[in-house]
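Per-entry structural report
Here's the letter readout for the chains.
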Amino acid sequence: MEKERENDVIAGRNAVAEALRAGRPIDRIYVRRGDRTGSVHAILRMAKEAGVAVKDVDARKLDAMCGGENHQGIAAVAAVHAFSETEDIFALAESRGEPPFLIVCDEIADPHNLGAIIRTAECAGAHGVVIPKRRSVGLTAAVGRASAGAVEYLPVVRVPNIASFLDEIKARGVWVYTADMDGTDWCQTDFSGPAALVVGSEGFGVSRLVKEKSDFIVSLPMKGRINSLNASVACGILCYEIARQRAGIRAKGGM
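Quick summary incoming for the structure in this document. (Residues numbered from 1 in each chain as written. Predicted model: local features only at pLDDT ≥ 70, side-chain atom pairs only at ≥ 80, totals over all residues. Heavy atoms only, no water.)

**Focus on the environment of Gly 128**
By secondary structure assignment, the location of Gly 128 is in strand β6 (residues 128-132). Classification of Gly 128 by relative accessible area gives buried; the value is 0%. Residues Gly 128 and Val 198 lie 70 residues apart in sequence; the distance between their C-alpha atoms is 12 Å. With residues near it in sequence (within four places) discarded, Gly 128 still touches Ile 89, Phe 101, Leu 102, Ile 103, Leu 154 and Pro 155. (Helix = DSSP H or I, 4+ residues; strand = E, 2+ residues; numbered from the N terminus. Buried < 20%, exposed > 50% of the residue type's maximum accessible area, 1.4 Å probe, protein only. Contact = heavy atoms within 4.5 Å.)

Here's what the structure looks like:
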């Protein structure tokens, strides 16, 4: 039986071009490998001007995405919400009279994980989530569903390079805390100031360069035989420790 096209996929040259002209939020454009001539070239030029990421794929990938519809070698995945700018995050923090609190996702590929992270970040009082332009899922329909609507309320920013972004926010006084093994115990870490929490990918964790850019490495205790947590679960635990410290809530019998 032929697979149906996902409802967030825009298939075909005219359809993709019109979506770009209309300013529709686009998560990513997929183009058949080796096919960048004629009208496709013009569409990719528009995509570059709009800051939309483009990925070369084989024809089978496009066929699967489009459910057998004639895609003419190109398809786009619509974003469920427009991406924000870094300044939107800092502006939201300033409007609340709070030090900036960001979640930085280093190559999160699973839409359910990213959606859950956005949902938790919004609930915990974060001011924004940052993702890389490449090697990461974007604001797809699946991410929107997993976020339970949080994408409507929390700025999500997409940047070309996570390591460079960390340099930028560190220059603005933000401390970078990266969740990884063999770091400082999460309960002994001061998160009270301007903070960016970095969460790594499901399979590989954070990259070496991102770890080098970090001010602190923060670890959660692993008592079982499995040595890592799901990315969204680890993020949730640390988000609420940050929220606890910022609210001045003392742990029973301790700090």
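**Considering the nonpolar core**
Formed by 35 residues in total, the largest nonpolar core has its most connected members in Ile 103, Cys 105, Leu 114, Ile 118, Val 129 and Leu 197. Going through the elements one at a time, β5 (101-106), α5 (111-123), β6, β8 (175-185), β9 (195-200) and α9 (231-247) are the ones with two or more residues in this core. Counting residues per element, this core draws most heavily on α9, which supplies six residues. What Ile 103 contacts, discounting residues up to four positions off in sequence, is Ile 117, Ala 121, Ala 126, Gly 128, Val 129, Val 130, Leu 197, Val 199, Cys 235 and Cys 239. The next biggest cluster of nonpolar side chains, apart from the first, holds 17 residues, and it includes Val 130, Val 174, Val 206 and Val 210. (Core = buried A, V, L, I, M, F, W, Y, C linked by side-chain atoms within 4.5 Å.)

**Points about the pairing of β9**
Regular strands place side chains that alternate from one sheet face to the opposite one. Most of β9 sits inside the fold, with six of its six residues counted as buried. Covered by surrounding structure in β9 are Ala 195, Leu 197 and Val 199 together with Ala 196, Val 198 and Gly 200, the residues of both alternating faces. Where β5 lies against β9, six bridges are found, and the strand directions are parallel. Its bridge partner being in β9, Cys 105 is matched across the sheet by Val 199. (Pairing = 2+ DSSP bridges.)

**Section: the sheet that holds strand β4 (residues 74-78)**
Strand order in the open sheet formed by four strands is β1-β4-β2-β3, with mixed pairing between adjacent strands. Strand pairing shows two members of the sheet lacking a second neighbour, β1 (9-11) and β3 (53-57), which therefore form its edges. Between one strand axis and the next, the sheet turns through 25° on average, direction left out of account. The pairing of β1 with β4 spans three bridges and is antiparallel. Of the residues in β4, the one forming a bridge with Val 9 is Val 77. Across the sheet, helix α3 (residues 59-66) lies against β1, β2 (26-32), β3 and β4, angled at about 130° from β2, the strand it touches most. (Axes fitted to C-alpha atoms, helices over the stretch in contact; angles between N-to-C directions.)

**Some remarks on the packing of α5 against α9**
Contact geometry for α5 and α9: axes closest at 9 Å, N-to-C directions at 10°. When the axes of α5 and α9 are compared, the pair comes out roughly parallel. The residues of α9 that touch α5, namely those facing Asn 113, Ala 116, Ile 117, Thr 120 and Cys 123, are Ala 231, Ser 232, Cys 235, Gly 236, Cys 239 and Tyr 240. Here the contact of α5 with α9 is composed, by residue class, of seven nonpolar, four polar and no charged. (Parallel < 35°, antiparallel > 145°, perpendicular 65-115°, else oblique. Nonpolar A, V, L, I, M, F, W, Y, C, P; charged D, E, K, R; others polar.)

**Some details on helix α2 (residues 38-50)**
With 13 residues, α2 should reach 18 Å at 1.5 Å per residue; the first-to-last C-alpha distance of 19 Å fits that figure. Listing the buried residues of α2 in full gives Val 40, Ile 43, Leu 44 and Ala 47. Relative to the axis of α2, the buried residues are bounded by an arc of 100° and lie together on one face. Away from its buried face by more than 90 degrees, α2 exposes Gly 38, Lys 48 and Glu 49. For α2, the elements touching its buried residues are α1 (13-21), β2, β3 and β4. (Expected span 1.5 Å × (residues − 1). Arc of directions from axis to C-beta.)

**Regarding the sheet that holds β6**
One open sheet accounts for six strands, arranged β7-β6-β5-β9-β8-β10; its pairing is parallel. Looking at strand neighbours, the two that pair on one side only are β7 (156-159) and β10 (216-219), the edges of this open sheet. Here the strands of the sheet are splayed against their neighbours by 35° on average, with no regard to which way each runs. Pairing of β6 with β7, which is carried by four bridges, proceeds in the parallel orientation. Within β7, the position partnered with Val 130 by the bridge is Val 157. Strands in contact with helix α7 (residues 162-170) are β5, β6, β7, β8 and β9; relative to β5, the strand with the most contacts, it is inclined by about 165°. This element, α9, spans β5, β8, β9 and β10 of the sheet and lies at about 165° to β9.

**A few points about the environment of Val 31**
Here Val 31 shows up in strand β2. Classification of Val 31 as buried rests on a relative accessible area of 0%. Measuring from C-alpha to C-alpha, the distance between Val 31 and Thr 178 comes to 34 Å, with 147 residues separating the pair along the chain. The contact partners of Val 31, leaving out residues within four places of it in the chain, are Arg 36, Val 40, Val 54, Lys 55, Asp 56, Val 57, Leu 62, Gly 73 and Ile 74.

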